Amino acid sequence: MIVKTKKYQLETGTYIKAGLVNILREQWWVVLIAIAIGCGYFWIASWWWISMAILAYVLYWLFWVIQFAGVTQMEQNKVIFEKMSYEIDSRQILMKLNAKQGMPIKWDMIKKAEVKKDAFVLTMSKAQFIHLPFKIFNSENDKKFVESILKRKNYLQ
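To keep things clear, this report deals only with the structure shown in the data block.

## A few points about the pattern of salt bridges
With the rule as written, the count across this model stands at six salt bridges. Put simply, R91 and D89 hold a salt bridge, and the shortest N to O gap is 2.9 Å. Across the pair E147 and K151 runs a salt bridge whose closest N-O atoms are separated by 4.0 Å. With E147 and K151 both in helix α4 (residues 140-152), this residue pair falls four residues apart, about one helical turn. In this structure K151 comes out as partly exposed when scored by relative accessible area, which is 41%. In the salt-bridge network here, residues are joined through shared partners; they are R25, E114 and K116.

## Concerning the packing of aromatic side chains
Under the definition given, this model contains 13 aromatic pairs. Judged by centre distance (5.2 Å) and plane angle (15 degrees), the rings of Y15 and F129 are stacked. Linking Y15 in helix α1 (residues 12-26) with F129 in strand β7 (residues 129-133), this pair joins segments that are 114 residues apart in sequence. Like Y15, the residue F129 is buried in the burial classification.

Reading the values: the criteria
- Residues numbered from 1 in each chain as written.
- Predicted model: local features only at pLDDT ≥ 70, side-chain atom pairs only at ≥ 80, totals over all residues.
- Heavy atoms only, no water.
- Salt bridge = Lys/Arg side-chain N within 4 Å of Asp/Glu carboxyl O.
- Helix = DSSP H or I, 4+ residues; strand = E, 2+ residues; numbered from the N terminus.
- Buried < 20%, exposed > 50% of the residue type's maximum accessible area, 1.4 Å probe, protein only.
- Phe/Tyr/Trp six-rings, centres within 6.5 Å; stacked < 30°, edge-to-face > 60°.

In structure tokens form, the structure reads like this:
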């Protein structure tokens, strides 16, 4: 069985937000480095330690915001933010711009999958993921079939 979805355009804001959440989950330990720098205050009592720790942490997040915002502006990545439909089966996910243009993504390229309250999120890397909102599925059965594929591939428990 192949699940064919309605056309969907990933909004740039959704991409940036989901990317930052993914970075926060993967690199939560960076805050520990900032706290360690801030603990220098106990060694030499100066507010510079705390202010520099906060500045370093803010600059770290600013770096990632710029990275994700930059992806949305690059010409070679414009295709990610165009309207496309998806064909999902047990072999692959086919991202289709139109009847002639598409890109297959094998399931082994997917590192993890999550079911959010309104979408499936299939993560391939820190900055690459597929966001499949439930509203693009034509029926509840299509959504359940995709969920069963994800369970069979051990992406969901």
